[in-house]
Amino acid sequence: MIGSGTLTKNIAGRLARTAYDALNFEAVRATKEHILYTLGTILAGSSAPGIKQTLAGAQALGGSQESTVLVHGAKLPAPSAALVNATMGHSRELDINDDRIAYKSSVTVIPAALAIAEKIGGVGGKDFIGAVCVGVDLGIRLGLATNPKPIHARAIALGPFAAAAACGKILGLDENGLHNALGIAFCRSTVSGNSTVAPSLTKRLGVGFASQSGVIAALLAAAGFPAAGEVFQGSAGFFQTFYRQEGDYDALLDQLGSRFEIVLVGPKPFPSCRYTHCAVTASLNLLRKHSINVTDILEVRVQIGERDMRSVGGWSEDEKKKKRRPEGVVDAQFSIPYTVAATCLSGGLSLEDFTGAKLRNDELLDLAARVKPILNPELDHGPMDVKPQVVEIVTRDGKVFGERVVYPKGNPNNPVTSDELVRAFRGMARYSAKPLSADKIDDAVSLVLRLEDVPDVSILTQLLTH
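Residues numbered from 1 in each chain as written. Predicted model: local features only at pLDDT ≥ 70, side-chain atom pairs only at ≥ 80, totals over all residues. Heavy atoms only, no water.

Draft legend 1. Structural detail: the nonpolar core. Membership of the largest hydrophobic core comes to 114 residues, with the highest contact counts inside it found for I11, L39, F128 and F232. Ranked by the residues each element gives to this core, the list is headed by helix α6 (residues 125–145), at twelve residues. Counting residues in each nonpolar core, the second largest holds 39 residues, with Y275, V312, A332 and V405 among its members. (Core = buried A, V, L, I, M, F, W, Y, C linked by side-chain atoms within 4.5 Å. Buried < 20%, exposed > 50% of the residue type's maximum accessible area, 1.4 Å probe, protein only. Helix = DSSP H or I, 4+ residues; strand = E, 2+ residues; numbered from the N terminus.)

The structure is reproduced here in structure tokens:
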């Protein structure tokens, strides 16, 4: 056990000593893929509900024109740009998810790092990759270290630390500076305000605040603000404050700086709560394996655990009704009946399935009413946060086709390929609030895939702005 007062110093020292050269090939590859995919989620989110208001509010704060809001082109102070870009990145429920702990691993770090890199200028690709990898890794490790397990680790809680670490690395902070940055980030960490019920959009805004907080923490630390002290351990530390017990410090420190958790996290291929993805994956597999026509479907039975029933299945009768007939996009994104019905009807699940017209589509809603979530408490015993689910499609001729999915598409055990990831980026770019030229999209893909050779990563903001 690490003595009180030394854990955060240990972490800060390792962060200070870890740079691009410490990353192996897989860590570099995974980090670049996280960067490309997260930029795609920002493009897609630029047209999402609530973004115009987020941008207007950030502009009303005023300040120097330092960093770019992607797509829209507004120049804002770096913390404000990170706020808007991260909120866009989380707005479509497409951002990368760690299935072990439900942590949105990259959506706070990358917008923050990009804002700081543009603010100071001249940040090369290697330094940017190294900083992003270090920040993402720290956030994941904090989630893995949280007790009790299994844990639902929230980006609004861990994001400030992860973003502060990445921004601190870009700013060249030493051990003491990074220690201060983590201490300041703790002032902005929270687990509240995470509403997933329409019409509230605070879930996506909370991620934006986390990214903004990381930028602010790193800038204050760079200015010499003192905050060094024990941040994570002890009665006043992060783990005791929010979870009332100490963290798993072996998990937090094991090969920190030489082994990177980012390689064990993949992108979400569907724009809905990750707790719907095993059912969506199983439904797609059954449709394809058995050539099932949607008109032949009598009902769909989806076995889920109690946790999933409460979050995406509907626990009470009123909740079940809202899951079958969502009142807004957020409700639809957190609904097994809606997402499974949309998957069966469309042969997939895309942003097109979460428009106002689809939410009122009689055929879709009729099928959603025939998707039956069934409680199976045994499914809660899985070790990951994302639990297995079982789908049975019953056809009108009495046949039953079933499949159990433990690892949804996008999990490292059921991975999205590099080609699929690039296609996903291009697909997300089509939802940009302002059209981006095909040449800009091509150049952005090419640049990120060879990012280690780029002398100034702020060119990305030029390519991804109308």
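Draft legend 2. Looking closely at unusual backbone geometry. In this chain, N147 is followed by P148 through a cis amide linkage whose omega measures -5°. Mapping P148 onto the fold places it in the loop between α6 and α7 (155–170). Between K149 and P150 the backbone carries a cis peptide bond, its omega angle lying at -5°. Mapped onto the elements of the fold, P150 is located in the loop between α6 and α7. Located in the positive-phi region is V71, a residue other than glycine, with phi close to 70°. Mapped onto the secondary structure, V71 falls in the loop between β1 (67–68) and β2 (75–76). In this structure V71 comes out as buried when scored by relative accessible area, which is 0%. Look at E93: it is not a glycine, yet its phi comes out positive at around 55°.

Draft legend 3. Just the packing of helix α2 (residues 25–45) against α6, in detail. Interhelical geometry of α2 versus α6 gives an angle of 90° and a closest axis separation of 10 Å. If you check the angle between α2 and α6, you find them roughly perpendicular. Contact residues: A27, T31, K32 and I35 in α2; F128, I129, V132 and C133 in α6. In terms of residue class, the contact of α2 with α6 is built from six nonpolar, one polar and one charged. (Axes fitted to C-alpha atoms, helices over the stretch in contact; angles between N-to-C directions. Parallel < 35°, antiparallel > 145°, perpendicular 65-115°, else oblique. Contact = heavy atoms within 4.5 Å. Nonpolar A, V, L, I, M, F, W, Y, C, P; charged D, E, K, R; others polar.)

Draft legend 4. How the structure looks around helix α12 (residues 277–290). Helix length check: α12, at 14 residues, gives a terminal C-alpha distance of 20 Å against a target of 20 Å (1.5 Å per residue), a fit within 8%. For α12, a buried count of ten out of 14 residues is recorded, marking the element as mostly surrounded by other parts of the structure. All of the buried residues along α12 are H277, C278, A279, V280, T281, A282, S283, L284, L286 and L287. On its buried face, α12 is in contact with β5 (297–304), α16 (336–346), β7 (389–395) and β8 (400–405). In the stretch just after α12, S291 is the one whose phi turns positive, near 50°. (Expected span 1.5 Å × (residues − 1).)

Draft legend 5. Geometry of the packing of aromatic side chains. For the structure on display, the rule yields eleven aromatic pairs. Ring centres of F161 and F186 lie 6.1 Å apart, and the angle between their planes is 35°; on these two criteria the pair is classed as tilted. Taken as a pair, F161 in helix α7 and F186 in helix α8 (residues 175–186) lie far apart in primary sequence, 25 residues in all. Accessibility classification places F161 together with F186 in one group, the buried group. Taken together, a centroid distance of 6.3 Å and an interplanar angle of 70° make the contact between F186 and F238 edge-to-face. Of this pair, F186 sits in helix α8 while F238 sits in helix α10 (residues 238–243), and the two are 52 residues apart along the sequence. Owing to a relative accessible area of 19%, F186 belongs among the buried residues under this scheme. Through pairs of rings, three or more aromatic residues link up here, namely F161, F186, F232, F238, F239, F242, Y243 and Y249. The ring centre of Y275 lies 3.7 Å from the NZ or CZ of R307, which sits over that ring. Here the guanidinium or amino end of R310 rests over the ring plane of W315, the centre of that ring lying 3.8 Å away. (Phe/Tyr/Trp six-rings, centres within 6.5 Å; stacked < 30°, edge-to-face > 60°. Lys NZ or Arg CZ within 6 Å of the ring centre and 35° of its normal.)

Draft legend 6. Broad picture of the sheet that holds β8. A sheet is described by the order of its strands in space; here four strands give the open sequence β6-β5-β7-β8, paired in mixed fashion. Since the sheet does not close on itself, it has two edges, and those belong to β6 (371–375) and β8, each with one partner. Going from strand to strand, the sheet's axes swing by 20° on average, the running direction of each strand aside. Here β5 runs beside β7; their pairing, made up of six bridges, is antiparallel. Opposite R301, over in β7, you have E392 as the bridge partner. Against the sheet, α12 contacts β5, β7 and β8, and its axis sits at roughly 135° relative to β8. Here helix α13 (residues 306–313) sits on the sheet and contacts β5, β6 and β7; the angle it forms with β6, its principal contact strand, is near 145°. (Pairing = 2+ DSSP bridges.)

Draft legend 7. Broad picture of the packing of α12 against α16. Here α12 crosses α16 at 25°, and the two axes come no closer than 9 Å. As judged from the angle between their axes, α12 and α16 are roughly parallel. Remark: the crossing between α12 and α16 carries right-handed chirality. Facing A279, V280, S283, L284 and L287 of α12, the residues of α16 in contact are I336, T339, V340, T343 and C344. Across the contact of α12 with α16, the residue classes tally to seven nonpolar, three polar and no charged. (Left-handed = near helix turned anticlockwise from the far one by under 90°.)

Draft legend 8. Looking closely at the pairing of β8. Only one face of β8 is covered, namely the face carrying F401, E403 and V405; the face carrying V400, G402 and R404 is uncovered. Here β7 folds back onto β8, and the loop between the two strands holds four residues, one of which, G398, carries a positive phi near 90°.

Draft legend 9. Just the environment of I35, in detail. Within the secondary structure, I35 sits in helix α2. Under the relative-accessibility criterion, I35 is labelled buried at 0%. Here I35 is in contact with I110, F128, V132, V448 and L451, once residues within four sequence places are set aside.

In short, shape yes, function no, at least from these values alone.
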